[in-house]
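Descriptive structure summary
Spelled out, the chains give:
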Amino acid sequence: MEEVKKILYSAVQPSGCVTLGNYLGAIKNWVDLQESYNCMYCVADLHSITVRQTPADLRKRSVELLSLFLACGLDPEKNIMYFQSHVPAHAELAWILNCYTYMGELSRMTQFKDKSQRHADNINAGLFTYPVLMAADILLYQTDLVPVGVDQKQHLELARDIAARFNGIYSETFKIPEPYIAKVGAKIMSLTEPTKKMSKSDPNPKGFISVVEDADSIAKKIKSAVTDSEGSIRRGEGKEGIENLMSILSATSGESIESIESRFAGKGYGEFKAEVAEAVVECLRPIKEKYDQYMQDKAYVEKVYTEGAQHAQYLARRTLDKVYRKVGFVKR
Ligand code: ATP
Ligand code: LTN
């Protein structure tokens, strides 16, 4: 008998370019998961308007992100990929779950506290209820596993609490999702401040590499990456810059850190950086090529996200119908 695959759900906000960090830390691992799980990847456009967006940019970035999923190797035959705003069930379930979530719980979310400080002129209700929408995303699909970074762990725990509370009141309705921590998840640091993670919202573009950046620009950024004055290629205290470049080389080429360390013993930073740059360019080249192709083939990309949304809506509706019935709405 064929074993039923577990459901894995994740979403990315279309809030900036995708960085080498996002690729090596997340998307690359997703490609390996598509054989073993039923995976759903959502472009979380509803989430992204909790901070002000320029409409034309948001539309463009959303399509770019979905094209990038494809370019990185996510197969639409094996994964459901769609825009959150195309599946109305997300907003509908979010409303219901709002009524089963306490103000106190939402006030404790560190991302809310953090974002309301950074966007003090726009502390809107959506920013506050953001984790409820995220809970709805996950719970609609009876998700087993959610790959999360540390920053999203608190939100996932809230989703579990909301699901358990609802199940407790109305009997078993939602599957309680588990966090999925990837075995190999390189943490890539900023090229200008190697003690901070590489982030797409870094105001200094020298700190990050976009996955679709051209080769010259990648080489320049790596060449000017912050290191130290000691001159040896090894791990250790105060060597965060070199250590970061070593993990980038390892993750992009497959060579182990130990092998890199011994191969570069006695060699200079110039030579080392040139090799890191080449490895990054070679790793990203096929992605950029495919990305450019998909960006030319609007009809194909549209087909992927339209069919993705239809499939997602069908699955989501099953959960939502159950929820509507349990809370006492009249059958339509
Ligand atoms: P922001 O700059 O807006 O905080 P981000 O670039 O940190 O965004 P997210 O959208 O928060 O990216 O994360 C998308 C996925 O990429 C998450 O799974 C996260 O763990 C992973 N990720 C983000 N940055 C890195 C990094 N520097 N190294 C490894 N993985 C990362
Ligand atoms: N909040 C997440 C994006 C996100 C998500 C989700 C992740 C929205 N819905 C559901 C996992 C599951 C972020 O900002 N990285």
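Heads up: these notes are all about the structure in this document. (Residues numbered from 1 in each chain as written. Chains lettered and ligands numbered in written order. Predicted model: local features only at pLDDT ≥ 70, side-chain atom pairs only at ≥ 80, totals over all residues. Heavy atoms only, no water.)

**What to know about the packing of aromatic side chains**
Across all of its chains, the model carries 15 aromatic pairs by this definition. A centroid spacing of 6.4 Å and a plane angle of 65° characterise the contact between Tyr-41 and Phe-69, whose relative ring orientation is edge-to-face. Of this pair, Tyr-41 sits in strand 2 (residues 37-43) while Phe-69 sits in helix 3 (residues 55-71), and the two are 28 residues apart along the sequence. Cluster of aromatic residues (ring-pair linked, three or more members): Tyr-100, Phe-166, Tyr-170 and Phe-174. Against the face of Phe-208 rests Lys-221, its NZ or CZ located 5.2 Å from the ring centre. If you follow Arg-317 out to its NZ or CZ, it ends over the ring of Tyr-324, 5.9 Å from the centre. (Phe/Tyr/Trp six-rings, centres within 6.5 Å; stacked < 30°, edge-to-face > 60°. Helix = DSSP H or I, 4+ residues; strand = E, 2+ residues; numbered from the N terminus. Lys NZ or Arg CZ within 6 Å of the ring centre and 35° of its normal.)

**Section: the nonpolar core**
Membership of the largest hydrophobic core comes to 57 residues, with the highest contact counts inside it found for Tyr-23, Tyr-41, Phe-69, Phe-272 and Leu-284. Considering each element in turn, this core owes the most residues, 11 residues, to helix 12 (residues 269-296). By size, the runner-up hydrophobic cluster in this structure holds 42 residues, among which are Phe-112, Tyr-130, Leu-156 and Leu-320. (Core = buried A, V, L, I, M, F, W, Y, C linked by side-chain atoms within 4.5 Å. Buried < 20%, exposed > 50% of the residue type's maximum accessible area, 1.4 Å probe, protein only.)

**Points about the site of ligand 2**
Around ligand 2, the structure places Tyr-9, Ala-11, Gln-13, His-47, Tyr-130, Met-134, Asp-137, Ile-138, Val-146 and Gln-152. Between ligand 2 and Tyr-130 there is a distance of 2.7 Å, counted from a nitrogen atom to a side-chain nitrogen or oxygen. The separation between a nitrogen atom of ligand 2 and a polar side-chain atom of Asp-137 is 2.7 Å. In isolation ligand 2 exposes 370 Å². Once the protein is present, 88% of that is buried. Considering each element in turn, the shell around ligand 2 owes the most residues, four residues, to helix 7 (residues 125-139). Grouping the amino acids of the shell around ligand 2 by side-chain chemistry returns six nonpolar, three polar and one charged. (Near = heavy atom within 4 Å. Polar contact = N/O pair within 3.5 Å; in protein donor to acceptor, adjacent residues only side chain to side chain. Areas by Shrake-Rupley, 256 points an atom, 1.4 Å probe, with all protein chains shown as cover. Nonpolar A, V, L, I, M, F, W, Y, C, P; charged D, E, K, R; others polar.)

**Some remarks on the packing of helix 6 (residues 110-118) against helix 7**
One way to put it is that helix 6 packs onto helix 7 with a least axis distance of 10 Å and a crossing angle of 160°. By the angle between their directions, the pair helix 6 and helix 7 is classed as roughly antiparallel. Our pair here, helix 6 against helix 7, has a crossing hand that is right-handed. Each of Gln-111, Phe-112, Lys-115 and Ser-116 in helix 6 lies in contact with helix 7, whose residues at this interface are Leu-127, Phe-128 and Tyr-130. (Axes fitted to C-alpha atoms, helices over the stretch in contact; angles between N-to-C directions. Parallel < 35°, antiparallel > 145°, perpendicular 65-115°, else oblique. Left-handed = near helix turned anticlockwise from the far one by under 90°. Contact = heavy atoms within 4.5 Å.)

**Examining the site of ligand 1**
Near ligand 1 you find 14 residues, and of these Ile-188, Lys-197, Ser-199, Lys-200 and Ser-201 are the closest. Ser-199 is positioned such that a nitrogen or oxygen atom in its side chain is 2.4 Å from an oxygen atom of ligand 1. Protein burial of ligand 1: of its 600 Å² of free accessible surface, 76% is covered by the chains. Split by residue class, the shell around ligand 1 holds four nonpolar, six polar and four charged.

**Let's talk about the pattern of salt bridges**
Following the criterion strictly, the structure yields 22 salt bridges and no others. Notably, a salt bridge pairs Glu-64 with Lys-60, separated by 3.2 Å at the nearest N-O pair. Of this pair, Glu-64 and Lys-60 both sit in helix 3, four residues apart, which is roughly one turn of the helix. In this structure, the salt-bridge partner of Arg-165 is Glu-105, at a minimum N-O distance of 2.7 Å. Of this pair, Arg-165 sits in helix 8 (residues 153-170) while Glu-105 sits in helix 5 (residues 103-107), and the two are 60 residues apart along the sequence. With relative accessibility at 22%, the residue Arg-165 sits in the partly exposed group. Glu-105 sits in the buried class, given a relative accessible area of 9%. Bridged by salt links that share partners, the residues Asp-228, Glu-230, Arg-234 and Lys-239 form one connected network. (Salt bridge = Lys/Arg side-chain N within 4 Å of Asp/Glu carboxyl O.)

**A short note on the pairing of strand 3 (residues 79-83)**
For strand 3, the tally of buried residues reaches five of five residues, placing the bulk of the element in the interior. Of the two faces of strand 3, the one lined by Asn-79, Met-81 and Phe-83 and the one lined by Ile-80 and Tyr-82 are each fully buried. With five bridges joining them, strand 2 and strand 3 adopt parallel strand pairing. Each bridged residue has a counterpart across the sheet, and for Met-40 the counterpart in strand 3 is Ile-80. (Pairing = 2+ DSSP bridges.)

**Considering the environment of Gln-111**
Within the element layout of this structure, Gln-111 appears in helix 6. Since its relative accessible area comes to 16%, Gln-111 is described here as buried. Along the sequence, Gln-111 and Tyr-130 sit 19 residues apart, while their C-alpha atoms lie 9.6 Å from each other. Residues contacting Gln-111, with those up to four places away along its chain left out, are Tyr-130, Gln-152 and His-155.

Keep in mind these numbers describe shape, not what the thing actually does.
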